[in-house]
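Coordinate analysis (summary)
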Amino acid sequence: MIDSIPAVVPAGRMSDGDQPVFHLGGGFELRQWREDDAGVLAESCGDPDVQRWNRPGHLTLEGAVARIEAWRQRWLAERAAIWAIAPPGEGGPVGLIGLGDMDLHGGSAEFLYWLLPQGRGHGVMTRATVRISRWALDDLGLHRLRITHSVANPASCRVATQAGFPLEGTMRSALLHGDGWHDEHLHARVQGDPWPAPSHGAS
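Our subject in this report is the structure included herewith. (Residues numbered from 1 in each chain as written. Predicted model: local features only at pLDDT ≥ 70, side-chain atom pairs only at ≥ 80, totals over all residues. Heavy atoms only, no water.)

Scanning the model with the defined rule gives 7 aromatic pairs in all. Both rings, one in Trp 33 and one in Trp 114, keep their centres 6.2 Å apart while their planes meet at 55°; by these two values the pair is tilted. Taken as a pair, Trp 33 in the loop between β2 (28-31) and α1 (38-44) and Trp 114 in strand β5 (residues 108-115) lie far apart in primary sequence, 81 residues in all. Accessibility assignment for this pair places Trp 33 and Trp 114 in one class, buried. Summarising the aromatic geometry, the rings of Trp 75 and Trp 83 are spaced 6.4 Å apart at their centres and angled 85° between planes, so their arrangement reads as edge-to-face. Judged by its relative accessible area of 0%, Trp 83 is buried. Over the face of the ring belonging to Phe 165 we find Arg 189, whose NZ or CZ atom lies 5.9 Å from the ring centre. Above the plane of the ring of Trp 195 lies Arg 189, whose end atom (NZ or CZ) is 3.9 Å from the centre. (Phe/Tyr/Trp six-rings, centres within 6.5 Å; stacked < 30°, edge-to-face > 60°. Helix = DSSP H or I, 4+ residues; strand = E, 2+ residues; numbered from the N terminus. Buried < 20%, exposed > 50% of the residue type's maximum accessible area, 1.4 Å probe, protein only. Lys NZ or Arg CZ within 6 Å of the ring centre and 35° of its normal.)

Moving on, we come to the sheet that holds strand β1 (residues 22-25). Across the sheet, which stays open at both edges, the 8 strands sit in the order β1-β2-β3-β4-β5-β6-β8-β7 with mixed pairing between neighbours. Of all the strands in the sheet, just β1 and β7 (167-177) have a single pairing partner and so form its edges. Across the sheet, the axes of successive neighbouring strands diverge by a mean angle of 25°, strand direction being ignored. Note that β7 and strand β8 (residues 180-190) share 7 bridges and pair antiparallel. Looking at the pairing, Leu 175 lines up with His 182 of β8. The strands touched by helix α4 (residues 124-140) are β1, β2, β3 (81-86), β4 (95-103), β5, β6 (144-150) and β8; relative to β4, the strand with the most contacts, the crossing angle is about 30°. (Pairing = 2+ DSSP bridges. Axes fitted to C-alpha atoms, helices over the stretch in contact; angles between N-to-C directions. Contact = heavy atoms within 4.5 Å.)

Before going further, it helps to spend a moment on the pattern of salt bridges. When their charged atoms lie close together, side chains carrying opposite charge are able to pair. Counted according to the given criterion, the structure contains 9 salt bridges. Between Glu 110 and Arg 146 there is a salt bridge whose closest N-O contact spans 3.2 Å. Of this pair, Glu 110 sits in strand β5 while Arg 146 sits in strand β6, and the two are 36 residues apart along the sequence. The two residues Glu 110 and Arg 146 agree in class, both being buried. When the shortest N-O distance is used, the salt bridge between Arg 144 and Glu 168 registers 2.8 Å. Taken together, the residues span a long stretch of sequence, with Arg 144 in strand β6 and Glu 168 in strand β7 at a distance of 24 residues. A residue is classified by how much of its surface remains accessible, and Arg 144, at 28% relative accessible area, is partly exposed. Overall, the relative accessible area of 46% leaves Glu 168 in the partly exposed class. Salt bridges sharing partners connect three or more residues here, namely Asp 47, Asp 49 and Arg 120. (Salt bridge = Lys/Arg side-chain N within 4 Å of Asp/Glu carboxyl O.)

The next subject is the side chain of Ser 150. Note on placement: Ser 150 falls in strand β6. Here Ala 152 takes part through its backbone nitrogen, which lies 3.0 Å from a polar atom of the side chain of Ser 150. Residues contacting Ser 150, with those up to four places away along its chain left out, are Trp 53, His 177, His 182, Asp 183 and Glu 184. (Polar contact = N/O pair within 3.5 Å; in protein donor to acceptor, adjacent residues only side chain to side chain.)

Take a probe with the size of a water molecule and roll it over the atoms, and the empty space left behind shows itself. Put simply, the largest pocket is a space of about 1,200 Å³. For the largest pocket, the lining is made up of 46 residues, of which Asn 54, Leu 112, Tyr 113, Trp 114 and Ser 156 are closest to its centre. (1 Å grid on protein atoms, 1.4 Å probe; cavity = no way out; pocket = protein on both sides within 12 Å on 5 of 7 lines; lining within 4 Å. Points joined across faces, edges and corners; volume = space filled by probe spheres on them.)

What follows is about the pairing of β5. Among the 8 residues that make up β5, 7 are buried, leaving the element largely enclosed by the rest of the structure. Sheet topology places β4 next to β5; 7 bridges connect them, and they run antiparallel. The partner of Asp 103 across the bridge, within β5, is Ser 108. Connecting β4 to the next strand, β5, in antiparallel fashion are 4 residues, including Gly 107 with a positive phi near 85°. Pairing between β5 and β6: 3 bridges, direction parallel. Of the residues in β6, the one forming a bridge with Ser 108 is Arg 144. Following the backbone out of β5, through α4 and into the adjacent parallel β6, one traces a crossover that is right-handed. (Right-handed = clockwise from strand over helix to strand, strands pointing away.)

Everything listed here is a matter of coordinates, which is why it stays silent on function.
Take a look at the structure:
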């Protein structure tokens, strides 16, 4: 009889602790989404780039409150870890980053992220991706993280590459967008891959 393969990350390692806050420098931090962020989340669905590349649907204020609560529950269930990208203090979010499709037993997760116009052009998404990667690999103990994006989205490709996620290949006709099926790039990093230069990391 073949012995079962042990979990890469034991159950409870996430949910036994609070979701951490990370300081990125440059006037931004990563924190939990709060109920009073619901207005920003609902409005983000109207941004053309967020809607095109992330397909969030359209949220009412009540729907946004429910989604934020669902993210909290998914942390407790160890299924997702979602952060707001925001100025420290009471400032509202300018973006979202997190890990979905988390498989602690198998040791993997997939990034998701977007920025509103006021958050773009600061390099914050690359820094945020590196910081969450360090937490997921070094602290939580996952083995592999992946980023997928439409081949028509060069901005996301730059974030992945600069954050130390080499391109592994192209998945044909992998995701349905509003204008049809898109090929997608697959980027990934695994335990032991070199980290990018400090200029792309969190401070």
